[in-house]
Amino acid sequence: MKFTQPKLPYSPDALAPVISPMTIEYHYGKHERAYIDTLNKLIEGTEYAEMPLEEIVVNSDGKIFNNASQAWNHIFYFFQFSPDGLKEPAGKLRDKIEEQFGSFEEFKTKFEEAGTTLFGSGWVWLAADADGKLYILQGKDAENPMTGGMKPIMVFDVWEHAYYLDYQNLRGAYLKKLWDIVDWSVVDARYEN
Ligand code: MN
């Protein structure tokens, strides 16, 4: 099985000015693509060759894990955005966020803090355990909550390649702007399904 890069559900300029067309060109067009192309080469003729991507992420390590997880994480990241999506969580996820974090505003502050305090490259995750309890998790490099038995709900990429063209060194400014393009109908559905 060869993995193909899914087409974005919006045009390359749709997320500007939060994410510029140039960042889409490099981050989606070159970085995400390279992880998928490299993964396809690495799994050829191995026990992973016929596995779904999620299973590779959970069962592999080393180079194969790094490329499989980075492929999965980027697809998950880009598919949670929309220029005209639902601007705040609703339903069960909204209730759970308010119960655990006090308010949506406080949740956003904690999530941004997790992003700005993560040293080096990685991802900030909103994940849920089997009981639906929410966790904000810092993941180094290619880490993914699925390897710890958790369900990913939302993710912000804090590798420099995600923001340097648009925000230079200002990771905090990038994280704050991402809220403008998160489509909470996608995130709500991930929590409920
Ligand atoms: Mn990235």
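Residues numbered from 1 in each chain as written. Predicted model: local features only at pLDDT ≥ 70, side-chain atom pairs only at ≥ 80, totals over all residues. Heavy atoms only, no water.

Regarding the domain arrangement of the protein chain
Move 1: What the domain assignment lists for the protein chain is domain 1 (21-78) and domain 2 (91-192).
Move 2: A C-alpha centroid distance of 20 Å is found between domain 1 and domain 2.
Move 3: Taken together, the contact pairs 18 residues of domain 1 with 22 residues of domain 2.
Move 4: If you sort the residues of domain 1 by the area they bury against domain 2, Thr-23, Phe-76 and Tyr-77 come out on top, with a joint share of 39%.
Move 5: Put simply, domain 1 and domain 2 have zero salt bridges between them.
Move 6: The tally of links between domain 1 and domain 2 comes to 12 residue pairs in polar contact (both at pLDDT 80 or more).
Move 7: If you list the elements that add at least two residues to the side of domain 1 that touches domain 2, you get helix H1 (21-43), helix H2 (53-59) and helix H3 (62-78).
Move 8: With nine residues, H3 is the largest single contributor of residues to the side of domain 1 that touches domain 2. (Domains from an automatic or database assignment. Contact = heavy atoms within 4.5 Å. Buried area = accessible area lost by both parts, 1.4 Å probe. Salt bridge = Lys/Arg side-chain N within 4 Å of Asp/Glu carboxyl O. Polar contact = N/O pair within 3.5 Å; in protein donor to acceptor, adjacent residues only side chain to side chain. Helix = DSSP H or I, 4+ residues; strand = E, 2+ residues; numbered from the N terminus.)

Quick notes on the nonpolar core
Move 1: Membership of the largest hydrophobic core comes to 60 residues, with the highest contact counts inside it found for Ile-19, Tyr-77, Phe-81, Phe-107, Met-154, Leu-178 and Trp-184.
Move 2: Per element, the largest residue contribution to this core is eight residues, and it comes from H3.
Move 3: Each of two domains, domain 1 (21-78) and domain 2 (91-192), supplies a minimum of three residues to this core.
Move 4: Discounting residues that sit within four places of it in the chain, Phe-81 has contacts with Tyr-10, Leu-15, Ile-19, Leu-178, Ile-181, Val-182 and Asp-183. (Core = buried A, V, L, I, M, F, W, Y, C linked by side-chain atoms within 4.5 Å. Buried < 20%, exposed > 50% of the residue type's maximum accessible area, 1.4 Å probe, protein only.)

Quick notes on a nonpolar patch on the surface
Move 1: Together, Met-22, Tyr-26 and Leu-165 make up an exposed nonpolar region whose accessible area comes to about 290 Å².
Move 2: Within the element layout of this structure, Tyr-26 appears in helix H1.
Move 3: By relative accessible area, Tyr-26 is classed as partly exposed at 37%. (Patch = residues over 30% accessible without salt bridge, like charges linked within 9 Å, V, L, I, M, F, W, Y side chains within 5 Å. Areas by Shrake-Rupley, 256 points an atom, 1.4 Å probe, with all protein chains shown as cover.)

Side note on the sheet that holds strand E1 (residues 122-128)
Move 1: In space, the three strands of this open sheet follow the order E2-E1-E3, with antiparallel pairing throughout. Edge strands, defined here as strands with exactly one partner in the open sheet, are strand E2 (134-140) and strand E3 (151-157). For this sheet the average axis-to-axis angle between neighbouring strands, irrespective of direction, equals 25 degrees.
Move 2: Pairing analysis gives six bridges linking E1 to E3, with the strands arranged antiparallel. Bridging from a neighbouring strand, Ala-127 pairs with Pro-152 of E3.
Move 3: In the packing of H3 onto the sheet, the strands contacted are E1 and E3, and the crossing angle to E3 comes to about 85 degrees.
Move 4: Taken strand by strand, helix H4 (residues 91-101) contacts E2 and E3, and its axis lies near 85 degrees from that of E2. (Pairing = 2+ DSSP bridges. Axes fitted to C-alpha atoms, helices over the stretch in contact; angles between N-to-C directions.)

Remarks on the pattern of salt bridges
Move 1: Summed over the entire model, instances satisfying the criterion amount to eight salt bridges.
Move 2: The network of salt bridges with shared partners includes Glu-88, Arg-94 and Glu-98.

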